[in-house]
Each structure stands twice: as structure tokens, then as C-alpha cells.
Amino acid sequence: MPHEPDPPPAKRFKPGSPFFRLDKRPGGMLLPRASHAPTSLDVQRKQLPIYQARTQLINQLRQLHNAVLIGETGSGKTTQIPQYLYEAGIGRQGVIAVTQPRRVAALSLAGRVAEEKRVQLGKLVGYTVRFEDVTSSETKLKFMTDGMLLREAIGDPLLLRYTVVILDEAHERTVHTDVLFGVVKTAQRKRTEQNKVPLKVLVMSATMDVDLFSQYFNKSPVLYLEGRQHPIQIYYTKRPQSDYLQAALVSIFQIHQEAPPSHDILVFMTGQEEIEALARTCRDIAKHLPDTCVPMTVIPLYASLPPTQQLRVFQPTPKGSRKVVLSTNIAETSITISGIKYVIDTGMVKAKRYNPDSGLEVLAVQRVSKAQAWQRAGRAGREDAGFCYRLYTEEEFDNLANMTVPEIQRCNLASVVLQLLALGVPDVLNFDFMSKPSPESLRMAVEQLYILGAVEKKDEQVLLTPLGKNMACLPLEPRFSKTVLMSPDFSCTEEVLTIISLLSVDSVLYNPPARRDDVLAVRKKFISSEGDHMTLLNIYRAFRKVSGNKDWCRENFVNSRNMGLVSEVRAQLKDICIKMNMKMESSQSDLANVRRCLAHGLFMNAAELQLDGSYVALDTHQTVAIHPSSVLFQAKPAYVVFNELLHTTRCYMRDLCLVDSDWLHEAAPEYFRRKLRASRS
Ligand code: CDP
Ligand code: MG
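Below: a short report on this structure. (Residues numbered from 1 in each chain as written. Chains lettered and ligands numbered in written order. Predicted model: local features only at pLDDT ≥ 70, side-chain atom pairs only at ≥ 80, totals over all residues. Heavy atoms only, no water.)

On to the overall build of the chain, then. In terms of helices and strands, the chain carries 25 helices and 23 strands. Against the globule reference of 26 Å for 681 residues, the chain gives a C-alpha radius of gyration of 26 Å, in line with a compact fold. With the principal axes as the frame, the chain shows a C-alpha extent of 75 × 75 × 50 Å. For the chain, the exposed area adds up to about 30200 Å²; of that, 51% sits on carbon and sulfur atoms. Side chains of the chain give 85 positive and 72 negative charges; the mean places of these two sets differ by 4 Å. (Helix = DSSP H or I, 4+ residues; strand = E, 2+ residues; numbered from the N terminus. Rg over C-alpha atoms; globule rule 2.2 N^0.38 Å. Areas by Shrake-Rupley, 256 points an atom, 1.4 Å probe, with all protein chains shown as cover. Lys, Arg positive; Asp, Glu negative; His and termini not counted. Charge placed at Lys NZ, Arg CZ, Asp CG, Glu CD.)

Near ligand 1 lie 13 residues; those nearest to it are Gly74, Gly76, Lys77, Thr78 and Thr79. Here an oxygen atom of ligand 1 and a backbone polar atom of Ser75 are 3.2 Å apart. Thr79 is positioned such that a nitrogen or oxygen atom in its side chain is 2.6 Å from an oxygen atom of ligand 1. Relative to its unbound accessible area of 540 Å², ligand 1 is 81% covered by the protein chains. Sorting the residues of the shell around ligand 1 by element identifies α4 (77–87) and α5 (103–116) as the ones contributing at least two each. Here the shell around ligand 1 is built from residues that sort into two nonpolar, eight polar and three charged. (Near = heavy atom within 4 Å. Polar contact = N/O pair within 3.5 Å; in protein donor to acceptor, adjacent residues only side chain to side chain. Nonpolar A, V, L, I, M, F, W, Y, C, P; charged D, E, K, R; others polar.)

Okay, the pairing of strand β18 (residues 461–464) next. Along a regular strand, successive side chains alternate from one face of the sheet to the other. Alignment of strand β17 (residues 455–458) against β18, held across four bridges, turns out to be antiparallel. Paired with Lys457 across the two strands is Val462, which belongs to β18. Between β17 and β18, which follow one another and run antiparallel, lie two residues, and Asp459 among them has a positive phi close to 40 degrees. (Pairing = 2+ DSSP bridges.)

Despite not being glycine, Asn218 shows a phi value in the positive range, around 50 degrees. Within the secondary structure layout, Asn218 lies in the loop between α8 (210–216) and β8 (222–224). The phi dihedral of Asn581 falls on the positive side, at around 60 degrees, and the residue is not glycine. Among the structural elements, Asn581 can be located in the loop between α22 (560–579) and α23 (591–602). Accessibility expressed as a relative area gives 71% for Asn581, which makes it exposed. (Buried < 20%, exposed > 50% of the residue type's maximum accessible area, 1.4 Å probe, protein only.)

Let's shift gears to the pattern of salt bridges. For the coordinates displayed, the defined rule picks out 32 salt bridges. Its salt-bridge partner being Glu152, residue Lys142 comes within 3.0 Å of it at the nearest N-O pair. A residue pair is termed long-range when its members are at least 10 positions apart, and Lys142 in strand β5 (residues 141–145) and Glu152 in helix α6 (residues 146–155) qualify at ten residues. Residues Arg541 and Glu495 are paired through a salt bridge, measuring 3.0 Å at the closest nitrogen-oxygen approach. (Salt bridge = Lys/Arg side-chain N within 4 Å of Asp/Glu carboxyl O.)

Next up on the list: the packing of aromatic side chains. For the structure shown, the criterion picks out 16 aromatic pairs. Seen from their ring centres, Tyr342 and Phe387 are 5.1 Å apart, and the 20 degrees between their planes marks the pair as stacked. Here the residue Tyr342 occupies a position in strand β13 (residues 340–345), and Phe387 occupies one in strand β16 (residues 386–390), the gap between them amounting to 45 residues. Pair check on accessibility: Tyr342 and Phe387 agree, each one buried. Taken together through their ring pairs, the aromatic side chains of Phe181, Phe213, Tyr216 and Phe217 make up a single cluster. A cation over an aromatic ring shows up here: Arg54 above the ring of Tyr84, its NZ or CZ 4.9 Å from the ring centre. Over the aromatic face of Trp374 sits the side chain of Arg390, whose NZ or CZ is 4.3 Å from the ring centroid. (Phe/Tyr/Trp six-rings, centres within 6.5 Å; stacked < 30°, edge-to-face > 60°. Lys NZ or Arg CZ within 6 Å of the ring centre and 35° of its normal.)

Position of Gln372 relative to the elements: it lies in helix α12 (residues 370–378). Here Gln372 falls in the buried class, since its relative accessible area comes to 10%. Apart from the residues within four sequence positions on either side, Gln372 is in contact with Asn329, Glu332, Val349 and Thr404. (Contact = heavy atoms within 4.5 Å.)

Axis separation between helix α20 (residues 532–545) and α23 bottoms out at 11 Å; the angle between their running directions is 130 degrees. Our classification of the angle between α20 and α23 gives oblique. Once α20 is placed against α23, the crossing between them reads as right-handed. Where α20 approaches α23, its residues His533, Met534, Leu537 and Arg541 are matched on the opposing element by Leu591, Val594, Arg595, Leu598 and Leu602. Here the contact of α20 with α23 is composed, by residue class, of six nonpolar, one polar and two charged. (Axes fitted to C-alpha atoms, helices over the stretch in contact; angles between N-to-C directions. Parallel < 35°, antiparallel > 145°, perpendicular 65-115°, else oblique. Left-handed = near helix turned anticlockwise from the far one by under 90°.)

Here it is in C-alpha cells:
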């Protein structure tokens, strides 16, 4: 039904919106970018707000075992504190670790600090992220994802290689950060008890619930850093927006047409697909604007973007061109983009949500918290006074939750419990979490590990089985570890390693929307009626056949860099498997065995076709649908297993594999007997 188009949001902004006030300066279109004269790195270091506090900080940190450090984003915490400690000789006996929730942050920060110290990355300064280790015996300042430090703790629970652990971006409260809090706290206590070299623990963030952190870390003192925050004018919409993407688009172009070209725009959105779609629309519109308008450089930013492309946001745009960064919440805190004057906040974020009653973990687009909204707004005031356009009403803002619920309280905990058991934590249910997950979700996680065969229960105690111990050795989710470990039974370890590696990196498929028909045409030859996993396997095999030829990749819309990563990941997983004495066999052309093996690992993510053509997830009895991106979208197989659920307008299964119902029963007879009984009752 045709409906009246919404009036442009500018009319709904509060009166006094700069949309109407911004003067178009004569000839102002090509104003040079202000305050970007190149300064040497040393000078830049000394200009950071944190530099003023350097001596005082060093003196305090020398004394303290625990400290919480708060300071505005961009004040220099992450890049400077590790250097200050090192330069002052604090923790020289070992390594100073700086943890980051995000890979891209670990990479770019290590790069920056190496540059500042004028050393080659991987020597004094290095980084470790999953499947990539750029460190050496010389490395003293080590940036790493919190997941990596956690993994190291399995082999070294006291973290003896480290003298200082800096838990950075602590407010993010990813599940790994939260578990790490407990692990680091325990290591610190035990090292003191055992008269070992003490461990200094520093918690850093731009915003956080200070009392909670201070309390948890032995009532540690809180050090406040004075930042440079310029005033930011906040604008709300007058009425709620039914379509935040449309509202964002209109806002971008209003600012674009009216603001001086040196004023860059940062838009907070929820994920890759909508970011790429909006980027395309913006570029199209920008092309058709009159010549009097400055050119626009649109830069997408999201976690699954290849790192080289992620780093584009830091590079200067062509002179006289406006930078418009379309980002997920990745730009909220961990990275600083210069030149941002305008922030457009859609008020939305994609995050995990978990319902322990139904056992369902979904990625869903939801409202941000107030803390997030303030953090987003803050990005506009880094270098000068700025503006933040919230694409929601003031009343909607007032109704937002104050703080984001930590991930550990809204995700499936199977991985966490497996790791804690591997760390030797005796009583997982009573682990010293900063924010306790519900007992129900912990029990559920134990139950899932039990169904996977990773744990057994003995006199109220939960113990790892030999399979569980092996599962914890693989840096994968439990169900994927199980799939790998089951593969020798089906003589298809080579294929399973390939598939799991393909699932462990960002997409190897390149889907430029403007060339959708070409993509569909060339991809046809790889498509397997057995599902997405088999299709990916076909693509990988073809890629290997041409030895990763770049032209082949281009012609076939395959991301050659990510494919290269797949080979690296695969080699590392294979190493671990060989160390565990696993037999390496290939099932060659017999893919049924590979699917059977997937059924044995992913059976908890199985769905069954119903008479009315819909699907029901067997574990939760929830109605689900095949995601349009799946090669099985047009097909209606009776049974499938899938990788994950994505909740947008409906609950979609992504990455599907066709399976036999017999295989599911064979994989977990007791579980399916129970499930089917439950579904009938
Ligand atoms: O951790 P915090 O947000 O306090 O600041 P930081 O990450 O240490 O960054 C301090 C400054 O270093 C930023 O404002 C940037 O100017 C610069 N920086 C950079 O140019 N490139 C990076 N990859 C990281 C930081
Ligand atoms: Mg930082």
C-alpha cells in the first residue's frame, strides 16, 4: 500500500538545529582541513592529555597492585600507559600485556605503539590475536585480544610470563573480558600467596561503573585522567523514527550540503549489511549532487571487514572531500578517528541475546544503553565542539537502560564453562564473576557440554571428559571442536578442517551488490545442493586447484586475503590435531561423510521441516526460517543443521547443511529421544 513519505527529519529536529543555522561560507567548499599539520610522533605523544599526568601516574602505578584508570577516549591511555610503565622500568622482568576486546584494536594499537617507539612490529612491541601471533622473545609490550590471554591462561594459570596485565576497554564487558577478570584476579592472589613475582593489574576504560570495578579488584584506587572533551550539542528527533536507516541517510546529506568540508561525519549503525547498503546509496547520491557540493568519501567500518580496509578510516581522505564513516559500535570507544565533527546515532546496536529458558542465543538489533549513547555522542567532541544527532526522541532516550548488560549475562556459556574447567577452576558454578550469570544459564551450559560429551557429572561435581579436554585445546566453539574431533570417525578430517577454518574467518565471499547478477552467475558452478558448508568447501577446493590465483579470485568474487587466512587457520588447527595424534584423512568426493560428521557436532542446531513449509529448531521448538543468503533458500530439505541464528524481521538460520534425521539420532540418541518427547507433549 502506498503511504505518505515521511517529511525529511530536519523538520523534526528541535528548533535551533544547526541544519538551519550553518552558514554556507562563500568559497568555503575547499577550505583546507584545520589542525592537521603533520607533527612528529614525539610531539604528538607530548600533546596528549595523559602526558601532563605522566610522572604522577608512574609514581602511583609503581606502588599499586591494582588500579582503575578512567579517561576520555583519545586521551592516550592505551598507547601511552604501557610505554610509561616500560620506560619507567616497571614490570621489566616480564611482559606487559594489554588486552583488547577487539582484534582490529589490538592490531592497530600495536602498530601505533611500535611506530612511536620506532621499532619493528613483533620485536619490542607485538600483538597476538586468534590465529595470528606477531611477537618474539624480545616482545615486552604485547597487545592481545582478551580471548587470547584467556587461552594462554589454560597452559599458565598464574600468567607467569606477565608482570603487568592491563585490562583495557573494561566497560565493554565481553564474555572473555569478564572471565579474564576472574582469572587475572585469581592469578594475582595466588602469586602473592606463593611468593612469586607479583602481578600488577590495571583496569582501563573511558566510561564504566567505577565502584563495581574498584570493589571487585580488591577495592583498588580509581585514577581519573583529565581529558579533552569539547562541548557537544545534542539533538533529538521530534517523533520516533520508524526507519532509522532512512533518517540516517537524510541526516547525512543535510549535513553534507551545509557543513564545511573539513567536518567529518560518523554514523553509528548495526552491521555489515546495512552499512554496505547505506554506503552504496550515499555514494550514488553523492555522485549526482551539483558540482558546488564537496565530494564525499564513504568509509564502512565493521569487525568483519578485512583489516587493511578497516585501517582506511585512519587514512586522510582526498583534500576537500568529506569523510563519512559508517560504523558499528566498534567506533564507540576502542578507536579514535580524527576529524569527526558530527555524530549521527541511530540508537541501535546488534548484540547477542540469550534466553536460558529456551536456550536460544540470537543476534538481534536492539536499543543501545544510555552509557553507549553518551559514548557515541562523545566521539563528536574529540578535537573541537561538535554535534550529535540522535535519531530518536528525548523520551526514547530517557527510557533506555543505563548500562549495557554484560555479555556474560546474555550469551550461551558453553565455551566459558569449558574454558573454566580446562583452567582447573574446581567449582564453575561459584566462580568469582564480577557479574554473576544466572545459575540457570550456567546449568544450561553444563548441560550442553554434557550432551556434547565434554563433561561428566560425578557426585555433584562437573568433570572434563577426555573428549572435553581435547575440545578445550582447540580455539573453537565447543560444537566446532567436537566436529573436528569426531572427523576421524568419518575419515574426513581434511574436509572438516577446511570447513571449520572457512567458518572461523570473515566471509571469503565477496558480494558487491551492484554486480549481484554476475556474482550469481559465476557462483553457480560451486553451489552444492547439500548446503552452504559444502558450497564453501567447493570454493576452497577450486581456489587450491588454481593455487590461490588472484585473477581467479577476482573473476569468482572470492576475497583472496580472507582465503589466505583460511589456509593459515587451517594449518594451525591441523598442527593441533597432529599433536593430538589425530588421523588425517580425506573423504575425497564422498561428501555425505562430511555432512554426517557435521551432524555429529552441530546436532543441537538442527531444524526440521514442518507440514506447512516452515522450520522448527529441534532444540528449542522455535520457528525458524532459512536465511535468503543460503544456497538452500529455495530448497526445502527435511532436516538441516545450521551455524547460527540471526534475528531480524524473523529468526533466520545461517549457514546450513543438509542432514539425515538418522544421523542426528545416531549423534545423540538420548537427547533426541527427550527432545522429540518434549515436542509431542
Ligand atoms: O586509549 P585512549 O582512548 O585514551 O587513547 P589512545 O588509544 O592511546 O590514543 C591516543 C591518541 O593516539 C589518539 O587520539 C590518536 O591521536 C593517536 N592514535 C593514532 O593516531 N593511531 C592509533 N592507531 C592509535 C592512536
Ligand atoms: Mg584506549
